[in-house]
Every structure is written in C-alpha cells, then in structure tokens.
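Here's the letter readout for the chains.
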Amino acid sequence: MNAMRRYLEKGSPAFENSEGFARAFIKSDPKYMSLVLFDHATNDWRGVVSHKIDVPTAIFTGENSNNVPSQKWMQSVTPGSELHLYSKQDRGDHFLAFKNPIKFTDDLGAFLER
C-alpha cells in the first residue's frame, strides 16, 4: 500500500515537528503497534460504517492515499458526510493532518461550525 513509504516522506516542516514531538514524549512499542495495525487492516468495517454512523461526518483523505476509493464509498453511505480530498500539492496522503495541519484544522473547524 506504500503507506510506510509515504509516511517516511516527511516533506513538511509541520510533519517533522510533530514527529520530533512524538519521539520525545510518546513511547510506543512497535510490536503492539503492528498488532493493532494488523487488526485494523484485516477487518471489514463496511457494516460499522454503513449502519452505525448516523451523525454528520467529515472524511479526510488525500489523492496519494490508497484509501481514496473506500473514503468515497464511506461518503456515499454516510448521510450528512463531507469528503475532503487533498491534492498532492496539499501533501494529501494518509498522514495529511500531520503534513498540512493548518489546512486540516481550518477545514475541520469549518465543518464543526456547520
């Protein structure tokens, strides 16, 4: 899925700053992190998304993410949802909240105000 390659492509001072903060203050165990990621990636979440989400929802993704098709599907089955699809120029990948936090915060704030 290239997610780790994209994660390692820092390319943003904000992302490098957030990563530095995380390394300094958050002690994580790669073994347990990999178990959580495996569990998340191997479950079928369609029933949860299509039957349990019943409030307005902001969905964020980037055109450099492998998850764009699933995020578009999620928007199609979630009433009142908004899909925010960030471009490559906006550093739109799976880690966009870290790589472009100002745009993400502005977009999320505008959604919450509505």
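You'll find the structure just up there.
Model, not experiment: these values are computed from the prediction. (Residues numbered from 1 in each chain as written. Predicted model: local features only at pLDDT ≥ 70, side-chain atom pairs only at ≥ 80, totals over all residues. Heavy atoms only, no water.)

As paired strands, strand 1 (residues 58-62) and strand 2 (residues 82-86) are joined by five bridges and run parallel to one another. Bridge pairing in strand 2 links I59 to L83. With helix 5 (residues 68-77) bridging strand 1 and its parallel neighbour strand 2, the resulting β-α-β unit is right-handed. (Pairing = 2+ DSSP bridges. Helix = DSSP H or I, 4+ residues; strand = E, 2+ residues; numbered from the N terminus. Right-handed = clockwise from strand over helix to strand, strands pointing away.)

Glancing now at the environment of F111. Along the chain, F111 turns up in helix 7 (residues 101-113). On a C-alpha basis, the gap between F111 and T57 in space is 8.6 Å, while along the polypeptide they are 54 residues apart. With residues up to four places along the chain from it excluded, the contact list for F111 reads P56, T57, A58, G80 and E82. (Contact = heavy atoms within 4.5 Å.)

Attention shifts here to the packing of aromatic side chains. To describe a pair of aromatic rings, you give the distance between the ring centres and the angle between the ring planes. For the structure on display, the rule yields two aromatic pairs. With 6.2 Å between their ring centres and 80 degrees between their planes, F60 and Y86 make a pair best called edge-to-face. With a gap of 26 residues between them, F60 in strand 1 and Y86 in strand 2 connect regions that are remote in the sequence. When its relative accessible area of 19% is taken as the criterion, F60 is described as buried. Residue class for Y86 comes out buried when judged on its relative accessible area of 2%. Put simply, the rings of F60, Y86 and F104 touch in pairs and so form one group of aromatic residues. Across the ring face of Y86, the terminal group of K103 is positioned such that the distance to the ring centre comes to 4.8 Å. (Phe/Tyr/Trp six-rings, centres within 6.5 Å; stacked < 30°, edge-to-face > 60°. Buried < 20%, exposed > 50% of the residue type's maximum accessible area, 1.4 Å probe, protein only. Lys NZ or Arg CZ within 6 Å of the ring centre and 35° of its normal.)

With that settled, the discussion passes to a nonpolar patch on the surface. Together, F21, F25 and I26 make up an exposed nonpolar region whose accessible area comes to about 370 Å². Given a relative accessible area of 60%, F25 falls into the exposed group. (Patch = residues over 30% accessible without salt bridge, like charges linked within 9 Å, V, L, I, M, F, W, Y side chains within 5 Å. Areas by Shrake-Rupley, 256 points an atom, 1.4 Å probe, with all protein chains shown as cover. Salt bridge = Lys/Arg side-chain N within 4 Å of Asp/Glu carboxyl O.)

Restricting attention to buried positions, one finds in helix 5 the residues V68, Q71 and M74. Relative to the axis of helix 5, the buried residues are bounded by an arc of 120 degrees and lie together on one face. In helix 5, the exposed residues that point more than 90 degrees away from the buried face are P69 and S76. Taken together, the buried residues of helix 5 touch helix 4 (46-52), strand 1 and strand 2. (Arc of directions from axis to C-beta.)

Two side chains bearing opposite charge may form a pair once their charged atoms approach each other closely. This structure, assessed with the given rule, holds four salt bridges. In this structure, D44 engages R46 in a salt bridge whose closest nitrogen and oxygen atoms are separated by 2.6 Å. The closest approach of N and O atoms between E82 and R114, which form a salt bridge, is 2.6 Å. Taken as a pair, E82 in strand 2 and R114 in the segment after helix 7 lie far apart in primary sequence, 32 residues in all. By relative accessible area, E82 is classed as partly exposed at 23%.

With that settled, consider the side chain of T57. Within the secondary structure, T57 sits in the loop between helix 4 and strand 1. From its side chain, T57 meets the backbone oxygen of V55 in a polar contact 2.7 Å long. Apart from the residues lying within four places of it in its own chain, the contact partners of T57 are M74, T78, G80, S81, E82 and F111. (Polar contact = N/O pair within 3.5 Å; in protein donor to acceptor, adjacent residues only side chain to side chain.)

Fair warning: the whole summary comes from geometry, so function is off the table for now.
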